[in-house]
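Residues per chain are reported as follows:
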Amino acid sequence: MKDDVASLGPRQMNRLRVLETLYRHPGSTRADLARRTGLSRATVSTLVDELGRAGVVAEHEGAGDGSEPGLAEEAPRASGRPPMSLSLVPGAAFAVGLDFGHQHIRVAVCDLSGEPVVDEWSPAEVDHAPVESLDLAHELVRGALRTASIERDRLVGVGMGLAAPINHLTGELEANGILPGWHGLRPAAEMQARLGTPVQLENDANVGALGEKAFGAARGVEDVIYIRLSAGIGAGLILGGRPYQGVLGVAGEVGHVLLDPAGPICRCGNRGCLETVASPVAVAALLERSTGQSVSVATLLELVAGGDRGARTAVADAGEAVGRALSMLVNALNPELVVVGGDLARAGEVLLEPIRLAIARHAVAPAARSVSVTAGALGDRAEVLGAAALILARSPRALVERVGS
Ligand SMILES: [Zn+2]
C-alpha cells in the first residue's frame with residue numbers, strides 16, 4: 001500500500017487526502033477539509049474545483065454530518081449565505097459486497113455513500129459445496145451489476161465475507177473443522193479468476209464489524225467488538241479504528257472459548273465451546289424436550305417474542321454465557337462498544353440484558369463501566385454491507401487514478 005501511495009505525484013497525493021477525508025467525513029465544509037488535511041484553504045479550493053469538474057465531488061448548501069459546529073470557522077457570511085458542504089458523488093464509484101452464509105449467498109451493489117442499489121440473495125449449500133457456491137456467487141454478481149447497469153470503470157472491486165478464519169499471508173482458509181470442504185482453498189483468487197475484477201476476502205464477523213462501523217451502530221466508535229450469534233459464533237474486532245485480524249486471521253474466534261468443561265464436543269474438536277451452548281441452533285434445541293418437537297431458530301424467536309417462559313430462559317442463559325466469554329475480551333481490549341449481531345440478536349433485550357449483567361459481573365470494574373452493549377443496526381445486512389465497505393475504503397485511491405494527473 002505504501003508503494004502505491006509513493007507512486008502518486010504531489011498533486012494526486014493532495015487529491016487523495018481530500019477524497020479520503022470526504023469519504024470519512026461526508027458533508028465537510030472547505031474549512032473542515034483544510035483543518036483535517038492540513039492543506040491551505042486556497043489549495044483545498046483548487047482541488048475541490050478540479051474534483052467537482054471531474055464529477056467526483058459535489059457541493060451542496062448547508063453543513064452536513066462532517067462539520068463540527070464547535071469548530072466551524074465558516075460562519076454565515078455577510079451575504080447571509082449558509083456554508084457549502086462537500087461530499088463524494090455517490091454514483092462516482094461502486095463496490096460489490098458478497099456474504100457467504102452457511103446456507104445462503106447474498107450480494108449487494110453499493111454506491112460511495114454505502115447505499116445498496118441492488119441487494120439480493122439466493123439459498124446455497126455453502127458449507128459442503130465450495131465450487132458450486134463460487135459459481136453461484138459469480139452469477140449473482142454479474143446479475144446484480146446488470147440490474148444496476150453499472151459501467152465497468154465505475155466498479156472498484158468485490159469484497160467477500162466467509163465464515164472461516166482467513167490466512168491473509170496465503171489467502172487460504174484456516175477452515176479445518178470450521179467450514180468443511182473449504183480448507184486450503186483460496187476463495188478470493190477463485191472469485192477473481194471468475195469475475196476479472198479485484199476481490200478481497202475477509203472473515204464474516206470481521207466484515208460484520210466493518211459494516212456496523214461504516215454504516216450502523218458503531219459509526220464513529222474506534223474500539224468495537226462485533227459478536228455474531230448465527231449458525232456459528234464469531235467476533236470481529238476494530239481496535240484504534242482499524243480491523244484487527246491477528247497473525248493468522250484467527251483473532252476474535254470467541255465462539256470457541258471454553259465455557260463448560262463437561263459440555264459436548266464442538267465442531268472444532270474441543271469440548272464445551274461457547275458455540276455449543278449459545279449458538280441459535282443450540283439454544284433452540286434446548287426447547288425440544290419441553291415442547292416435545294424439534295424447534296427451529298425462527299420458532300425460538302417467535303416464542304421469545306410471544307413471551308414464552310422457557311424460550312426466554314434459554315435465550316437469557318445463552319446471553320449470560322456470551323457475556324461471560326465477552327468479559328475476557330472486555331478485560332483484554334477495553335472496548336467502548338459491543339455490537340451484537342446475527343440471528344439471535346433479534347431476541348433483543350431478552351438476550352442483551354443478561355450479556356450486560358454478565359460483563360458487569362465478570363469483567364474488571366473500569367472496563368465493564370466503559371463498555372456499552374447494543375444490538376446491531378443493520379440486522380442481517382451487516383456482513384454484505386461490510387464486505388462492500390472493505391472495497392469502498394479503497395475508492396478514494398481509485399478515483400484519484402481515474403481523474404488522472
Ligand atoms: Zn469449538
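Predicted model, so just to flag it, every value in this text is computed and none were measured.

Spatially, β1-β3-β2 is the arrangement adopted by the three strands of the open sheet, whose pairing is antiparallel. Pairing within the sheet leaves two strands with one partner each, and these edge strands are β1 (28-29) and β2 (57-61). Sheet topology places β1 next to strand β3 (residues 84-88); two bridges connect them, and they run antiparallel. Residue pairing across strands places S28 opposite L86, the latter belonging to β3.

Let us look at the confidence of the model for the protein. Per-residue pLDDT for the protein has a mean of 91; in total, 94% of the residues score no lower than 70. Counting interchain partners and residues more than four positions distant, the pLDDT-below-50 stretch residues 67-76 has 14 contacts.

This paragraph deals with unusual backbone geometry. For S149, which is not glycine, the phi dihedral falls at a positive 35°. With respect to the element layout, S149 can be found in the loop between α5 (130-148) and β7 (155-162). In this structure, N334 is a non-glycine residue whose phi angle is positive, near 50°. By the secondary structure assignment, N334 is in the loop between α12 (309-333) and β12 (337-341). N334 sits in the partly exposed class, given 16 other C-beta atoms within 10 Å.

Our focus in this paragraph is the pairing of strand β5 (residues 104-111). Counting buried positions over the eight residues of β5 gives seven, a clear majority of the element. Of the strand pairs in this sheet, strand β4 (residues 94-100) and β5 are connected by seven bridges, and their pairing is antiparallel. The partner of L98 across the bridge, within β5, is V107. Hairpin connection from β4 to β5: three residues lie between these consecutive antiparallel strands. As judged from the seven bridges shared by β5 and strand β6 (residues 116-123), these two strands associate in the antiparallel manner.

What the domain assignment reports for the protein is domain 1 (2-88), domain 2 (94-209 + 383-403) and domain 3 (218-376). The element contributing the most residues to the side of domain 2 that touches domain 3 is helix α7 (residues 204-215), with five residues. Here the residues of the side of domain 2 that touches domain 3 sort into six nonpolar, seven polar and two charged.

Relative to the 21 Å expected for 15 residues at 1.5 Å per residue, helix α2 (residues 10-24) spans 21 Å between its end C-alpha atoms, a close match to the ideal helical length. Every buried residue belonging to α2 is among R15, R17, V18, L19, T21 and L22, and all of these are buried.

A few words on helix α4 (residues 41-53). The terminal C-alpha atoms of α4 lie 18 Å apart, and with 13 residues this matches the ideal 18 Å at 1.5 Å per residue to within 8%. Listing the buried residues of α4 in full gives V44, L47, V48 and L51. Summarising the axial view, the buried residues of α4 lie within an arc of 100°, below the 170-degree limit, and thus occupy one face. Exposed residues lying more than 90 degrees from the buried face of α4 are A42, D49 and R53. In this structure, the buried side of α4 is in contact with α2, α3 (30-37), β2, β3 and α16 (395-403).

A separate point is the pairing of strand β10 (residues 233-239). Judged by how many residues are buried, β10 sits mostly within the fold: six of seven residues are covered. Taken together, the six bridges between strand β9 (residues 224-229) and β10 define a ladder with antiparallel strand orientation. When the bridges of β10 are listed, R228 appears paired with G234. Between β9 and β10, which pair antiparallel and follow one another directly, the connecting turn spans three residues. Bridging between β10 and strand β11 (residues 242-244) involves three bridges; their strand directions are antiparallel. Each bridged residue has a counterpart across the sheet, and for L239 the counterpart in β11 is R242. Adjacent in sequence and paired antiparallel, β10 and β11 are bridged by two residues, among which G240 carries a positive phi angle near 60°.

In spatial order, the strands read β6-β5-β4-β7-β8; together these five strands make up an open sheet with mixed pairing. Here the strands that pair on one side only, and so sit at the sheet edges, are β6 and β8 (199-203). Averaged over all pairs of adjacent strands, the angle between their axes in this sheet comes to 15°, without regard to strand direction. In this structure, β7 lies alongside β8, joined through five bridges in parallel fashion. When the sheet's bridge partners are listed, L162 is paired in β8 with N203.

Criteria and thresholds
- Residues numbered from 1 in each chain as written.
- Predicted model: local features only at pLDDT ≥ 70, side-chain atom pairs only at ≥ 80, totals over all residues.
- Pairing = 2+ DSSP bridges.
- Helix = DSSP H or I, 4+ residues; strand = E, 2+ residues; numbered from the N terminus.
- pLDDT = per-residue confidence, 0-100.
- Contact = placed C-beta atoms within 7 Å.
- Buried ≥ 20, exposed ≤ 12 C-beta atoms within 10 Å, placed from the backbone.
- Domains from an automatic or database assignment.
- Nonpolar A, V, L, I, M, F, W, Y, C, P; charged D, E, K, R; others polar.
- Expected span 1.5 Å × (residues − 1).
- Arc of directions from axis to C-beta.
- Axes fitted to C-alpha atoms, helices over the stretch in contact; angles between N-to-C directions.

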